[in-house]
Number of protein chains: 4
Amino acid sequence: MHVTIDEAERAIVAATNKAKEIKTRMCIAIVDSGGQLKRFTRMDGAWLGSIDISIKKAKTACSFGMNSGQIGELSQPGGPLYGIEHSNNGLITFPGGIPIIDSEGVLIGAIGVSGSSVENDQLVAQAGAEVISIADVPDDPWRT
Amino acid sequence: MHVTIDEAERAIVAATNKAKEIKTRMCIAIVDSGGQLKRFTRMDGAWLGSIDISIKKAKTACSFGMNSGQIGELSQPGGPLYGIEHSNNGLITFPGGIPIIDSEGVLIGAIGVSGSSVENDQLVAQAGAEVISIADVPDDPWRT
Amino acid sequence: MHVTIDEAERAIVAATNKAKEIKTRMCIAIVDSGGQLKRFTRMDGAWLGSIDISIKKAKTACSFGMNSGQIGELSQPGGPLYGIEHSNNGLITFPGGIPIIDSEGVLIGAIGVSGSSVENDQLVAQAGAEVISIADVPDDPWRT
Amino acid sequence: MHVTIDEAERAIVAATNKAKEIKTRMCIAIVDSGGQLKRFTRMDGAWLGSIDISIKKAKTACSFGMNSGQIGELSQPGGPLYGIEHSNNGLITFPGGIPIIDSEGVLIGAIGVSGSSVENDQLVAQAGAEVISIADVPDDPWRT
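Every chain is numbered on its own, with residues counted from 1 as its sequence reads. All chains are assigned letters beginning at A, and all ligands numbers beginning at 1, according to the order in which they are written. Restriction of local features to residues with pLDDT of at least 70 applies here, the model being predicted, together with a cutoff of 80 or more for giving and counting side-chain atom pairs; totals for whole chains, interfaces and linings are based on all residues. Values shown for side chains rest on all heavy atoms present in the structure; no hydrogens or waters enter the calculation.

Numbering of helices and strands runs from the N terminus; a helix is a DSSP stretch of H or I covering at least four residues, while a strand is a stretch of E covering at least two. Counting secondary structure elements, chain A contains 4 helices and 4 strands. Shown N-terminal to C-terminal, the secondary structure of chain A runs as helices and strands in the order α-β-β-α-α-β-β-α. A radius of gyration in this sense is built from C-alpha atoms; the matching globule rule multiplies 2.2 Å by the number of residues raised to 0.38. The C-alpha atoms of chain A give 14 Å as radius of gyration, which agrees with the globular expectation for 144 residues (15 Å, within 12%). Taking the principal axes of its C-alpha atoms as reference, chain A extends roughly 40 × 35 × 25 Å. Using a 1.4 Å probe on the protein chains alone, a residue whose accessible area is under 20% of its type maximum counts as buried, one over 50% counts as exposed, and one in between counts as partly exposed. Within chain A, the fraction of its 144 residues that count as buried is 60%. In what follows, a contact means two residues having at least one pair of non-hydrogen atoms within 4.5 Å. Of all intrachain contacts in chain A linking residues separated by at least 6 positions in sequence, the fraction that spans at least 24 positions is 66%. All accessibility values rest on the Shrake-Rupley procedure with a 1.4 Å probe; residue burial counts only the protein chains present in the view. For chain A, the exposed area adds up to about 5,600 Å²; of that, 50% sits on carbon and sulfur atoms. His is not counted, nor are the chain ends, whereas Lys and Arg count as positive and Asp and Glu as negative. The atoms used to mark charge sites are NZ of Lys, CZ of Arg, CG of Asp and CD of Glu. Here chain A holds 12 positive side-chain charges and 17 negative ones, and the gap between their average locations is 9 Å.

Our next topic: the environment of S63(A). Tracing the chain through its elements places S63(A) in helix 2 (residues 50–64). Residues S63(A) and G105(A), 42 residues apart in the sequence, show an inter-C-alpha distance of 16 Å.

The next subject is the interface of chain D and chain A. When the parts come together, some accessible area is lost, and that loss is often what is quoted as the size of the interface. Facing 22 residues of chain D, the contacting portion of chain A comprises 18 residues. Ranking the residues of chain D by area buried against chain A places W47(D), L48(D) and F94(D) at the top, with a combined share of 30%. We count a salt bridge whenever a side-chain nitrogen from Lys or Arg sits within 4 Å of a carboxyl oxygen from Asp or Glu. Along the contact surface separating chain D from chain A lie 0 salt bridges. Between N or O atoms, a polar contact is any pair within 3.5 Å; within protein, one atom must be a potential hydrogen donor and the other a potential acceptor, and residues adjacent in sequence are included only when both atoms are from side chains. Counting across the interface, chain D meets chain A through 6 residue pairs in polar contact (both at pLDDT 80 or more). Of all the elements, helix 2 (residues 50–64) of chain D adds the most residues to the side of chain D that touches chain A, at 4 residues. Across the side of chain D that touches chain A, the residue classes break down as 9 nonpolar, 8 polar and 5 charged. By buried area we mean the combined loss of accessible area, with a 1.4 Å probe, across both parts when two parts are placed together. Here the term charged refers only to Asp, Glu, Lys and Arg, the term nonpolar to Ala, Val, Leu, Ile, Met, Phe, Trp, Tyr, Cys and Pro, and the term polar to all other amino acids, Gly among them.

Here we come to the sheet that holds strand 2 (residues 37–42) of chain B. Two orientations exist for strands paired in a sheet by backbone hydrogen bonds: parallel and antiparallel. For two strands to pair, DSSP has to find at least two bridges joining them. The 8 strands are arranged 3(A)-4(A)-1(A)-2(A)-2(B)-1(B)-4(B)-3(B) in an open sheet whose pairing can be described as antiparallel. Edge positions in the open sheet fall to strand 3 (97–101) of chain A together with strand 3 (97–101) of chain B, since each of these has one partner strand only. Neighbour-to-neighbour, the strand axes of the sheet open up by a mean angle of 15°, direction not taken into account. Relative to strand 2 of chain B, strand 1 (residues 27–32) of chain B runs antiparallel, the two sharing 5 bridges. In the sheet register, C27(B) faces strand 2 of chain B, and the bridge partner there is R42(B). Axis angles are defined between N-to-C directions and span 0 to 180 degrees, where every axis is a line fitted to C-alpha atoms and, for a helix, only to the segment in contact. Set on the sheet, helix 2 (residues 50–64) of chain B makes contact with strand 2 (37–42) of chain A together with strand 1, strand 2, strand 3 and strand 4 (107–114) of chain B; between it and strand 4 of chain B the angle comes to about 150°.

Residue and element names in this part refer to chain A. Checked against the element boundaries, T16 lands in helix 1 (residues 5–21). The exposure class assigned to T16 is buried, which follows from its relative accessible area of 13%. A distance of 2.7 Å separates a polar side-chain atom of T16 from the backbone oxygen of I12. In contact with T16, not counting residues within four places along its chain, are I28, T41 and M43.

Residue and element names in this part refer to chain B. For strand 1, the buried fraction is high: 6 of the 6 residues fall into the buried class. With burial as the criterion, each face of strand 1 is covered, one bearing C27, A29 and V31 and the other bearing I28, I30 and D32. Between the end of strand 1 and the start of strand 2, which pair antiparallel, lie 4 residues, with G35 showing a positive phi angle near 80°. In terms of strand pairing, strand 1 meets strand 4 through 6 bridges, oriented antiparallel. Residue pairing in the sheet places D32 in a bridge with G109 of strand 4.

Our focus in this paragraph is the state of the cysteines. Note on disulfides: each one is a pair of cysteine sulfur atoms within 2.5 Å. Under the criterion given, the structure shown has 0 disulfides over all chains. Unpaired in this structure, C62(B) has its nearest cysteine sulfur neighbour in C27(A), at a distance of 16 Å. Given a relative accessible area of 3%, C62(B) falls into the buried group.

Across the sheet, 8 strands lie side by side as 3(C)-4(C)-1(C)-2(C)-2(D)-1(D)-4(D)-3(D); this open sheet has antiparallel pairing. Each edge of the open sheet is held by one strand with a lone partner, namely strand 3 (97–101) of chain C together with strand 3 (97–101) of chain D. Each strand axis lies, on average, 15° off the axis of its neighbour in the sheet, ignoring direction. Across the sheet, helix 1 (residues 5–21) of chain C is in contact with strand 1 (27–32), strand 2 (37–42) and strand 4 (107–114) of chain C together with strand 2 (37–42) of chain D; its angle to strand 2 of chain C comes to roughly 25°.

This is how it looks when you write it as structure tokens:
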């Protein structure tokens, strides 16, 4: 199951509105359940460097079925996943990437946001995710 | 000067409408005058392989200030630009990429479309470009 | 919808048996509907260079919903898709990659085979595909 | 000397059985003594991000003739191999990659496993390795 373009656009609009509300300028990426880009926007004035980061955050969240920031907690020096960001053509492991889960508990994609502090990035990603996603990622988000 | 997010979205909407009218499903990418991704959409059911091609067509058109297909005419075996697609991390040199020029003749970005025949790709790219671009690319589209 | 590991293994076994029957040694790759590797085997003595080619053939067939060889017909010098192989981190556009379609006409993955002549590659890919795929690729193989 | 396809498949089966026993879903990769992919499987529901990690763990273990986790101990900040993961198109230096040694003490390949905690990954890799490998990696695993 993949996120549809209508769902993706609703998430982009909600995230953009949140970004404006907190006076930030963001790159916002939506990927499908295969980690493939579905919809992307770069607000006027957003950092160029955030294009790739937002897409990689979305791919990271999709690839492991967890928030990008959770992987960052495990990949610090001395941590069990130290160096994991060297896989998959580059992961981004700080907050701002969130899986999108449908009402049946199936992963249908992910959102990635970059352009401000990681707290703001995460806030904007949540605003986008919550309009099309159930609240929590289940233990078993994938279905074949 | 860069294409704004409002202009980019107007181009995406016009291109999407044209794609629906001719019963195709497209990936549509808008880049700014620096060749950086500004806005992207993948219509439901569009080819996965067209994500990268649409973005590369837009970058190709922006990078040389001409339609992507014009470069393809010059890069055939025996032609003056044979092999140019190996540069810039991969160009796409068949039709579907068009520069976007503002009313003062300045390049502000480009649109790239992929998902059907190259004739359809070009048609949809034109539908997107013409709502925000003047008709022709001038001899000197860049301003520093 | 994705090919399951049981389906993927059945295709690998059928393709391997065909490869032995015609006295060839092949690399055989199965990807899911997102183009992601699901199952892979390299028969003893198969070319090292065929590892990447078999995977890229499967990804190419999946990315465009058609046999890899069909794209090759369109991407010759002077053809409409000349140079397309520079996209998507490298396509392989000669025969040996075939989409896998389920009984409802939905693309669930693809098989890619490399290790002998393209005729033999295609023959082995067909032997693998036909145990889990309907005969023809429909006009509209994707579902969101 | 290289691992044969029969040995590789026996290792995959043993590792898959262990993964099921501990209720995990894994990507499992076998490379030959040249670090080239021989056999790969992604269990239904395994993380997409684990495809690349499992292959890189196997390549890492093969490339240095030691468990991937041993390299991770040496590549922490301040350690002698700090940053080694930037080489060889990306190493993965946490547990889950194990060299495969034949009865004469020769390196014939490696196994890499990803999909759960690193403890589980290592456990499953061991289950796969031990059916075709002697217990320990000798000081001098390579023969020219």
